[in-house]
Amino acid sequence: MAEWAIGARDEALHQPDSDRLWNESYYFDFTTSDGSLAGYIRLGIYPNWNRAWYWACLVGRNRPTVLLVDNAAPLPSADLEISGTEYTATMGVEKPLETARVTLRAQDLELDLRWQTVGGVYGYSLTPRYEIPCLVSGTVNGRPFEGHGERDHSWGMRDWWSVSWTWSSGRLGDGTFVHGMQANVGLPLPWPAFTVTPGGALEHAGGFAIAGDFEGDQPVEARLEFPRMTTIVTPIAFAPVTLTSPEGVKAEFSRALCRFTAQDGRGGYGWTEWHQPPGWREHGWHPLL
């Protein structure tokens, strides 16, 4: 979908512009095939704000959530090593656009995981960003882990306090990956969305849209409208983060391990986020078709 060529150089850090909220972001998420254990890691780099955001979590069905949030982390090294007062972490691309490895050593969470690309790389057309569906393996708290997930990389202006959105990525039991994102901007734009078949064919999903339902402030469901396939997403375990702007404005980043249920009965697991900045209730959480 991207209108620019994605290459190995894009895995590395990019030259920032002068905007204070220019941000470079790396996400890595993972879950077992049965949804019993999952987590995500995010490194967000604000060079003009002189800080980084580092988040990591571990969640699962009927288990306590472990959540590490450092929104005043030092800027990482060029090879994405970062240390806080209670953790050390790395993010390394072993083979550009094919394999990447993440490590974390913290008091309550230790990760050593590798993301292996499945089905290729999907680039956005609306912003410099790409998403990569993956198989994930390694260790979690010293125990072997096998599962799936997605990683993504983006760079550019990132104002978390003005726009709401839903982002969702999961894998069904037959090996099909599903991914879609919609910002609540009131326009039916060509939203970034794709599927990957069990055979590894990545295809853009034209005409994609999302609807969201809430109970109070809590997301309770998202409906992913793919061509010829509606998929219902239901949260299992949340790992939310509160984000504070340089001016003190707060936004709630609700991210959760979810159950995915396709209309033909196939099921699976993945991650979904409902971003809730000030005024989010009036933004229109419905398909913009």
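Starting from 1, residues in each chain are numbered consecutively following that chain's sequence as written. Per-residue local features of the predicted model are confined to residues with pLDDT of at least 70, and side-chain atom pairs are confined, for both listing and counting, to 80 or more; whole-chain, interface and lining totals are unaffected and use all residues. Side-chain numbers come from the whole structure's heavy atoms, not from hydrogens or water.

1. Considering the packing of aromatic side chains
Centre distance within 6.5 Å is the pairing criterion for rings of Phe, Tyr and Trp, where only the six-membered ring of Trp is used; planes under 30 degrees apart are then read as stacked, over 60 as edge-to-face, and the remainder as tilted. The full count for this structure, using the stated rule, is 23 aromatic pairs. Residues Phe-30 and Trp-115 carry aromatic rings whose centres are separated by 6.2 Å and whose planes lie at 75° to one another, so their mutual orientation is edge-to-face. Within this pair, whereas Phe-30 is found in strand E1 (residues 22-31), its partner Trp-115 is found in strand E8 (residues 110-117), the two being separated by 85 residues in sequence. Each member of the pair, Phe-30 as well as Trp-115, carries the same accessibility label: buried. Taking 5.8 Å as the distance between ring centres and 50° as the angle between the ring planes, the aromatic pair formed by Trp-53 and Trp-160 counts as tilted. On the criterion of sequence distance, the pair formed by Trp-53 in strand E3 (residues 51-59) and Trp-160 in the loop between strand E11 (143-157) and strand E12 (165-172) is long-range, its members being 107 residues apart. Each residue's exposure class comes from its accessible area (1.4 Å probe, protein chains only) as a fraction of the maximum for that residue type: buried when under 20%, exposed when over 50%, partly exposed otherwise. Given the relative accessible area of 1%, Trp-53 is considered buried. Secondary structure elements follow DSSP: runs of H or I no shorter than four residues count as helices, runs of E no shorter than two count as strands, and numbering proceeds from the N terminus.

2. Digging into the side chain of Arg-42
Mapped onto the secondary structure, Arg-42 falls in strand E2 (residues 38-46). Residues counted as positive are Lys and Arg, residues counted as negative are Asp and Glu, and His and the chain ends are not counted. Here, a salt bridge means any Lys or Arg side-chain nitrogen found within 4 Å of an Asp or Glu carboxyl oxygen. Buried within the structure, Arg-42 lacks any salt-bridge partner; its nearest side chain of opposite charge belongs to Asp-152, at an N-O separation of 6.9 Å. Whenever a nitrogen or oxygen atom comes within 3.5 Å of another N or O atom, the pair is scored as a polar contact, on the condition that within protein one atom can donate a hydrogen and the other can accept it, and that pairs from neighbouring residues in sequence are kept only if both atoms are in side chains. A distance of 3.2 Å separates polar atoms of two side chains, one belonging to Arg-42 and the other to Tyr-27.

3. Considering a nonpolar patch on the surface
Any residue with relative accessible area above 30% and no salt bridge may belong to a patch, with like charges joined within 9 Å and the nonpolar Val, Leu, Ile, Met, Phe, Trp and Tyr side chains within 5 Å. Where accessible areas are quoted, they stem from the Shrake-Rupley method and a 1.4 Å probe; at the residue level, only the protein chains shown are allowed to cover. Among the surface-exposed residues, Leu-126, Val-185, Leu-187 and Leu-189 lie close enough to one another that they form a single nonpolar patch of about 320 Å² accessible area. Along the chain, Leu-126 turns up in the loop between strand E9 (122-123) and strand E10 (129-140).

4. Observations concerning the pattern of salt bridges
Here the structure, examined in full by the defined rule, presents 12 salt bridges. For Arg-114, the salt bridge goes to Glu-94, with nearest N and O atoms at 2.6 Å. Taken together, the residues Arg-114 in strand E8 and Glu-94 in strand E6 (residues 87-95) connect sequence positions 20 residues apart. Assessed through its relative accessible area of 34%, Arg-114 is described here as partly exposed.

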